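Residues per chain are reported as follows:
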Amino acid sequence: MYHMEKQMKTTGLRGQVAGSTALSTVGGAGNSLTYCGYSIEDLAQKASFEEVVWLLFYGKLPTQQALLDYQDTLKSQRDIPAPLITCLELLPKTTHPMEVLRSACSLLGNLEPEKSFKNQIQAATRLLAVMPSMLLYWYHFSHHNIRINPVTQDNSTAAHFLNLLHHQSPHPDTVKCLNTSFILYAEHEFNASTFTARVCAATLSDFYSCITGAIGSLRGPLHGAANEEAMALIESFKDANDAEKGILDKLDKKELIMGFGHAIYRESDPRNAIIKACSKKLSMQSNNPNYYLISERIEQVMWREKRLFANADFFHASAYHFLNIPVLLFTPIFVCARLSGWAAHIMEQRKNNRLIRPSAEYIGPPLKDWINLEAR
Ligand SMILES: CC(C)(COP(=O)(O)OP(=O)(O)OC[C@H]1O[C@@H](n2cnc3c(N)ncnc32)[C@H](O)[C@@H]1OP(=O)(O)O)[C@@H](O)C(=O)NCCC(=O)NCCS
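Analysis parameters
- Residues numbered from 1 in each chain as written.
- Predicted model: local features only at pLDDT ≥ 70, side-chain atom pairs only at ≥ 80, totals over all residues.
- Heavy atoms only, no water.
- Pairing = 2+ DSSP bridges.
- Helix = DSSP H or I, 4+ residues; strand = E, 2+ residues; numbered from the N terminus.
- Core = buried A, V, L, I, M, F, W, Y, C linked by side-chain atoms within 4.5 Å.
- Buried < 20%, exposed > 50% of the residue type's maximum accessible area, 1.4 Å probe, protein only.
- Domains from an automatic or database assignment.
- Contact = heavy atoms within 4.5 Å.
- Axes fitted to C-alpha atoms, helices over the stretch in contact; angles between N-to-C directions.
- Parallel < 35°, antiparallel > 145°, perpendicular 65-115°, else oblique.
- Left-handed = near helix turned anticlockwise from the far one by under 90°.
- Nonpolar A, V, L, I, M, F, W, Y, C, P; charged D, E, K, R; others polar.
- Near = heavy atom within 4 Å.
- Polar contact = N/O pair within 3.5 Å; in protein donor to acceptor, adjacent residues only side chain to side chain.
- Areas by Shrake-Rupley, 256 points an atom, 1.4 Å probe, with all protein chains shown as cover.
- Buried area = accessible area lost by both parts, 1.4 Å probe.
- Salt bridge = Lys/Arg side-chain N within 4 Å of Asp/Glu carboxyl O.
- Disulfide = S-S within 2.5 Å.

(A) How the structure looks around the sheet that holds strand β2 (residues 33-35). Pairing within the open sheet is antiparallel, and its three strands lie in the order β1-β2-β3. The sheet terminates laterally at β1 (24-26) and β3 (38-39), the two strands that pair on one side only. In the sheet, β1 pairs with β2 via three bridges, with the strands oriented antiparallel. Paired with Thr-25 across the two strands is Thr-34, which belongs to β2.

This is the structure in structure tokens:
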């Protein structure tokens, strides 16, 4: 009983201020989201992902020349070191690509160690440039037995990603959608994976260790992997009416519906309207908009029945489907984007560091007398 009462109190640290940041605000007035003072709506509509990365790293928008230079730097760092290629080729096809990225990031830390915190922006930039290359090299090798050239001359990370995935120059509309997705996923204050990165950074560990830990946190279905789970849900219905019936049934059984609800936002997730619009546009250009229609109906039912709103992950599922992205790459794309936020938080933590070490409320038994092994 004592244990039960104590455990009921678990709060997951909701609502507690665990530090300060100048990088983003989540869920303030009107459930808004801002990065370094700019609204997510403006950024998604007007910026490139590379501009957002710069904004997060330097706290201000780049000049035209600075942006061109940064794009060139990213372009020049897309190649994968030979020993890492060997390792990627050894990983099984059945491995989840989140595990591939977690291992690849850690291996890169062996091959190209950060050495000094003075190199942190270089380490972050290198990871941003090479992460899609590592992911898609492994994907094509393990799934199609093809060794791709992981270097393209595309200016944007989104175009580079789609080019490597589909072996052709992508349509500008698809690049725009993926660029928007990268921006939406770039940063989100003290979410679980970012907090993981900051806790690691606060021990003064190296950059690659912080990111490797963050990838591990993002992998869970309550965090990044919700977009893959949402797709599995959407795919399980044949049409919108079937979805309505199925969702009511799941709610009756008190099942968790992936892609709905949020730990901070209460009424809506501002990223949802943006990615939903992308998904709708792509669905209208596709031969079969069914997954959009199913998603829309699920959203209506969840709001009507539970007042639960779609979070950023829900319409990402159908948007990625229309971009012809395999489901197993959904959460890894989140890594390629959130890397920017993680990196900015690691740098911010290092700038004004103190070891993160909260206390726990003890709920175990009182002090006991020791019993020798033979007497138990
Ligand atoms: C994100 C999430 C972990 C937030 O959890 P949380 O802060 O504990 O959520 P709340 O406190 O707002 O939950 C309130 C109630 O709604 C329910 N609820 C929340 N999200 C739900 C969902 N997706 N499906 C069904 N019920 C849900 C909770 O079970 C809880 O019910 P209870 O009071 O009967 O226990 C949770 O909404 C969730 O698991 N969503 C699905 C996974 C997901 O999409 N993750 C990505 C987040 S961006």
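(B) Fine view of the nonpolar core. Formed by 113 residues in total, the largest nonpolar core has its most connected members in Tyr-35, Phe-57, Met-131, Leu-178, Ile-298 and Ile-325. Ranked by residues supplied to this core, first place goes to helix α7 (residues 120-144) with 15 residues. When residues of this core are sorted by domain, at least three fall in each of domain 1 (24-220 + 332-351) and domain 2 (226-322). Setting aside residues no more than four positions away along its own chain, Phe-57 makes contact with Tyr-70, Ile-121, Ala-124, Thr-125, Leu-128, Ser-340, Ala-343, Ala-344 and Met-347.

(C) Here's a closer look at the packing of α7 against helix α11 (residues 207-218). At a minimum axis separation of 10 Å, α7 and α11 run at an interaxial angle of 45°. In terms of orientation, α7 and α11 fall into the oblique class. As for how α7 packs across α11, the hand of that crossing is right-handed. Contacts between α7 and α11 pair Gln-120, Ala-123, Ala-124, Arg-126, Leu-127 and Met-131 from the former with Phe-207, Tyr-208, Ile-211 and Ile-215 from the latter. Classifying every residue of the contact of α7 with α11 gives eight nonpolar, one polar and one charged.

(D) The site of the ligand, seen in detail. Taken together, the neighbourhood of the ligand is formed by 17 residues, with Arg-14, Ile-257, Gly-259, Phe-260 and Asn-311 sitting nearest. Ile-257 has a polar backbone atom sitting 2.7 Å from a nitrogen atom of the ligand. The backbone of Gly-259 places a nitrogen or oxygen atom 2.8 Å from an oxygen atom of the ligand. A total of 870 Å² of accessible area belongs to the ligand in isolation, and the protein chains cover 61% of it. Within the shell around the ligand, the residues separate by chemical class into eight nonpolar, five polar and four charged.

(E) Focus on the packing of helix α6 (residues 97-111) against helix α17 (residues 330-351). In contact at an axis separation of 8 Å, α6 and α17 are set at 35° when each is read in the N-to-C sense. The segment α6 lies against α17, with Pro-97, Met-98 and Leu-101 engaging Thr-331, Pro-332 and Val-335. Looking at the contact of α6 with α17, its residues break down into five nonpolar, one polar and no charged.

(F) Up close: the domain arrangement of the protein. Partitioning the protein into domains gives domain 1 (24-220 + 332-351) and domain 2 (226-322). Measuring from the centre of the C-alpha atoms in domain 1 to the corresponding centre in domain 2 gives 26 Å. Taken together, the contact between domain 1 and domain 2 spans 22 residues of the former and 22 residues of the latter. The contact between domain 1 and domain 2 buries some 1,700 Å² in all, and 61% of this surface belongs to carbon and sulfur atoms. In terms of surface lost to domain 2, no three residues of domain 1 exceed Asn-31, Leu-184 and Tyr-185, which account for 35% of the buried area on that side. Counting the contacts that link domain 1 with domain 2 gives zero salt bridges. Put simply, domain 1 and domain 2 have nine residue pairs in polar contact (both at pLDDT 80 or more) between them.

(G) Inspection of the pattern of salt bridges at higher detail. For the structure shown, the criterion picks out 14 salt bridges. Between Arg-147 and Glu-89 there is a salt bridge, with the nearest N and O atoms lying 2.8 Å from each other. You can see Arg-147 sitting in the loop between α7 and α8 (157-166) and its partner Glu-89 sitting in helix α5 (residues 82-90), a full 58 residues away along the chain. Between Lys-276 and Glu-299 there is a salt bridge, and its shortest N-O distance comes to 2.8 Å. Linking Lys-276 in helix α14 (residues 270-285) with Glu-299 in helix α15 (residues 290-306), this pair joins segments that are 23 residues apart in sequence. The pair Lys-276 / Glu-299 is uniform in exposure class, with both members buried. The network of salt bridges with shared partners includes Glu-244, Arg-297, Arg-304 and Glu-305.

(H) Local environment of the state of the cysteines. Scanning the model with the defined rule gives zero disulfides in all. Here Cys-87 stays unpaired: no disulfide links it, and the sulfur of Cys-105, its closest cysteine neighbor, is 14 Å away. Residue Cys-87 is classed as partly exposed on the basis of its relative accessible area, which comes to 27%. As a non-bridged cysteine, Cys-210 has Cys-200 as the owner of its nearest cysteine sulfur, 3.9 Å distant.

(I) Quick peek at unusual backbone geometry. In this model, His-167 sits at a positive phi of 55°, which is unusual for a non-glycine residue. In this structure, His-167 sits in the loop between α8 and α9 (172-186). Residue classification places His-167 among the partly exposed positions, given a relative accessible area of 47%. The backbone of Asn-324 sits at a positive phi, close to 65°, despite the residue not being glycine.

(J) Molecular detail of helix α10 (residues 192-202). Along α10, the positions that sit buried rather than exposed are Ser-193, Thr-194, Ala-197, Arg-198, Ala-201 and Ala-202. On its buried face, α10 is in contact with α11 and α17. Just beyond α10, the residue with positive phi is Leu-204, at close to 70°.

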